[in-house]
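A look at the structure
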Amino acid sequence: MAARATSSGRRPLIGVTPRWVEPVEYLGETLAPSEAIAKNFVDAIIAAGGMPVMLPLTADEDLIRRYVDLCDGFSIPGGQDPDPRLWGETDNTTAEKPCPERDALEVPLVRMVAEADKPLFATCRGLQIMNVALGGSLCTDVPNISVPEGTMHWRHDASLVDVVHPVEVMAGTLLSRCAGGVSPLQVNSAHHCCVQRICEGGRLCARSVIDHVPEAVEVPAKRFMLGVQWHPEYTWRRLETDFGLWKAFVSAC
């Protein structure tokens, strides 16, 4: 798919936080850990007209503020669970492999981006860290979450390439506008955490049709601050609704 040009001909600079890849053994030595971005994630931003750059992981808040000053917009991808201590849970046993390296960058980054009112688009873990950074909480055990009477649990993990369940989009929301008013949306799914208490100023804008698990949150007072629980970086080439998310985000940048 050809890249889109913005109306000004300038590609907005999109700061993308990287995944943290644990060190591996090679020829008897331990290699350094890696920071990386999935190719399909940056390809989506490029095709939508943006210029993605990786923001190296750091806890230096002065450097993070410089990231915020430099970039026109920000995107946070999926990955490891946020640390439950971020929302006050000290005895959580269901979170899987929290990543303090990412938390140390992404929590202050989200807060600074919100303060600067620059566009933010977050997927999966990105939605979760956005919600937590702004005062919300998570459920880290979706398979055992209570569901409304008359509904049934849906398996939310392990399907990135295939579209596996519908989500209901609330009318009049930013998400609805990005997706061209389509509801329900057909999405992929790969998560065992979800939003529990919605962050201050946030609103639920999509939920799973099958079991009502929260699937997207936005912050209406901000210019563009949206997080979705699914992975549109895997499906944007064949789902116009998912590509619409990337296009709307880059346009806002």
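Residues numbered from 1 in each chain as written. Predicted model: local features only at pLDDT ≥ 70, side-chain atom pairs only at ≥ 80, totals over all residues. Heavy atoms only, no water.

**Description of the packing of aromatic side chains**
We count it as follows: Stacked, edge-to-face and tilted are the three classes for Phe, Tyr and Trp ring pairs, Trp counted by its six-membered ring, which pair at centre distances within 6.5 Å; planes under 30 degrees apart are stacked, over 60 edge-to-face, the rest tilted. Every helix listed is a DSSP run of H or I at least four residues long, and every strand listed is a run of E at least two residues long, numbered separately from the N terminus. Working definition: with a 1.4 Å probe on protein chains only, accessible area under 20% of the residue-type maximum means buried, over 50% means exposed, and in between means partly exposed.
Under the criterion given, the structure shown has 5 aromatic pairs. Summarising the aromatic geometry, the rings of Phe-224 and Phe-249 are spaced 5.8 Å apart at their centres and angled 45 degrees between planes, so their arrangement reads as tilted. Taken as a pair, Phe-224 in the loop between strand S14 (214-218) and strand S15 (225-228) and Phe-249 in helix H6 (residues 240-252) lie far apart in primary sequence, 25 residues in all. One exposure class covers both Phe-224 and Phe-249, and it is buried. Measuring from ring centre to ring centre gives 5.3 Å for Trp-236 and Phe-243, while their planes differ by 35 degrees; the resulting arrangement is tilted. Note on Trp-236: relative accessible area 3%, which makes it buried.

**Concerning H6**
This is how it is decided: For a helix, the expected span equals 1.5 Å multiplied by the residue count minus one.
The terminal C-alpha atoms of H6 lie 18 Å apart, and with 13 residues this matches the ideal 18 Å at 1.5 Å per residue to within 8%. Among all positions of H6, only Thr-241, Asp-242, Phe-243, Gly-244, Leu-245, Trp-246, Phe-249, Val-250 and Ala-252 are buried.

**A look at the nonpolar core**
Among soluble globular proteins, nonpolar side chains are generally buried collectively. For the record, the criterion: What we call a nonpolar core is a set of buried Ala, Val, Leu, Ile, Met, Phe, Trp, Tyr and Cys residues that are connected through their side-chain atoms within 4.5 Å. We call two residues in contact whenever any of their non-hydrogen atoms come within 4.5 Å of each other.
Membership of the largest hydrophobic core comes to 31 residues, with the highest contact counts inside it found for Phe-121, Leu-175, Phe-224, Leu-226, Val-228, Trp-230 and Trp-246. At the level of elements, strand S1 (13-16), helix H1 (39-47), strand S10 (165-169), helix H5 (174-178), strand S11 (185-187), strand S13 (203-208), S15 and H6 are the ones that each hand at least two residues to this core. Each residue touching Val-228, except ones within four places of it in the same chain, is listed here: Phe-121, Ala-122, Thr-123, Cys-124, Leu-127, Leu-175, Glu-215, Ala-216 and Leu-245. Grouped together as the second largest cluster of nonpolar side chains are 30 residues, Ile-64, Val-107, Leu-109 and Leu-120 included.

**Topic: the sheet that holds S10**
Spelled out, the test is: DSSP-based pairing: two strands are paired if at least 2 bridges between them are found. Note on geometry: axes are lines fitted to C-alpha atoms, helical ones only across the stretch in contact, with angles between N-to-C directions running from 0 to 180 degrees.
Taking strand neighbours across the sheet as the criterion, the 9 strands line up as S6-S1-S7-S8-S15-S14-S13-S10-S11 in an open arrangement whose pairing is mixed. Since the sheet does not close on itself, it has two edges, and those belong to strand S6 (51-54) and S11, each with one partner. Strand-to-strand twist of the sheet, defined as the mean angle between neighbouring strand axes without regard to direction, takes the value 25 degrees. Both strand S8 (residues 120-123) and S15 contribute to a ladder of 4 bridges, which runs parallel.

**Topic: the pairing of S10**
Most of S10 is tucked away: 4 of the 5 residues are buried. As paired strands, S10 and S11 are joined by 3 bridges and run antiparallel to one another. Paired with Pro-166 across the bridge in S11 is Gln-186. Note: S10 against S13, 3 bridges, orientation antiparallel. Paired with Glu-168 across the two strands is Arg-207, which belongs to S13.

**Quick word on the pairing of S15**
Side-chain alternation along S15 places Met-225 and Gly-227 on one buried face and Leu-226 and Val-228 on a second face that is also buried. Taken together, the 3 bridges between S14 and S15 define a ladder with antiparallel strand orientation. Each residue of the ladder has a partner; that of Glu-218, found in S15, is Leu-226. Joining the antiparallel neighbours S14 and S15 is a turn of 6 residues.

**Topic: the packing of helix H2 (residues 61-70) against helix H3 (residues 100-116)**
Which entries qualify depends on this criterion: Relative orientations are named as follows: roughly parallel for angles under 35 degrees, roughly antiparallel for angles over 145 degrees, roughly perpendicular for angles from 65 to 115 degrees, and oblique for any other angle. Take the far helix as the reference: if the near one is turned anticlockwise from it by less than a right angle, the crossing is left-handed, and if turned clockwise, right-handed. Polar here means any residue outside two lists: the nonpolar Ala, Val, Leu, Ile, Met, Phe, Trp, Tyr, Cys and Pro, and the charged Asp, Glu, Lys and Arg; Gly therefore counts as polar.
Put simply, H2 and H3 touch, their axes get as near as 9 Å, and they point 45 degrees apart. The angle between H2 and H3 falls in the class oblique. Helix-helix and strand crossings are classified by hand; for H2 and H3 the assignment is right-handed. Residues Glu-61, Ile-64, Arg-65, Tyr-67 and Val-68 of H2 touch H3, and the partners they reach there are Ala-104, Leu-105, Pro-108, Leu-109, Met-112, Val-113, Glu-115 and Ala-116. Its residues placed into classes, the contact of H2 with H3 shows 10 nonpolar, no polar and 3 charged.

**Comments concerning the pattern of salt bridges**
Oppositely charged side chains are able to pair whenever their charged atoms sit close together. Spelled out, the test is: Counted as salt bridges are all cases of a side-chain nitrogen of Lys or Arg within 4 Å of a carboxyl oxygen of Asp or Glu.
One pass over the full model with this rule turns up 12 salt bridges. Between Glu-115 and Arg-65 there is a salt bridge, and its shortest N-O distance comes to 3.9 Å. Highlighted residues: Glu-115 in helix H3 and Arg-65 in helix H2, separated in sequence by 50 residues. A relative accessible area of 61% means that Glu-115 is categorised as exposed. The salt bridge partner of Arg-207 is Glu-168, with a shortest N-O separation of 3.1 Å. Residue Arg-207 is found in strand S13, and its partner Glu-168 is found in strand S10; the two are separated by 39 residues along the sequence. Classification of Arg-207 as partly exposed rests on a relative accessible area of 26%. Among the charged side chains, a salt-bridge network with shared partners connects Arg-102, Asp-103, Glu-106 and Arg-125.

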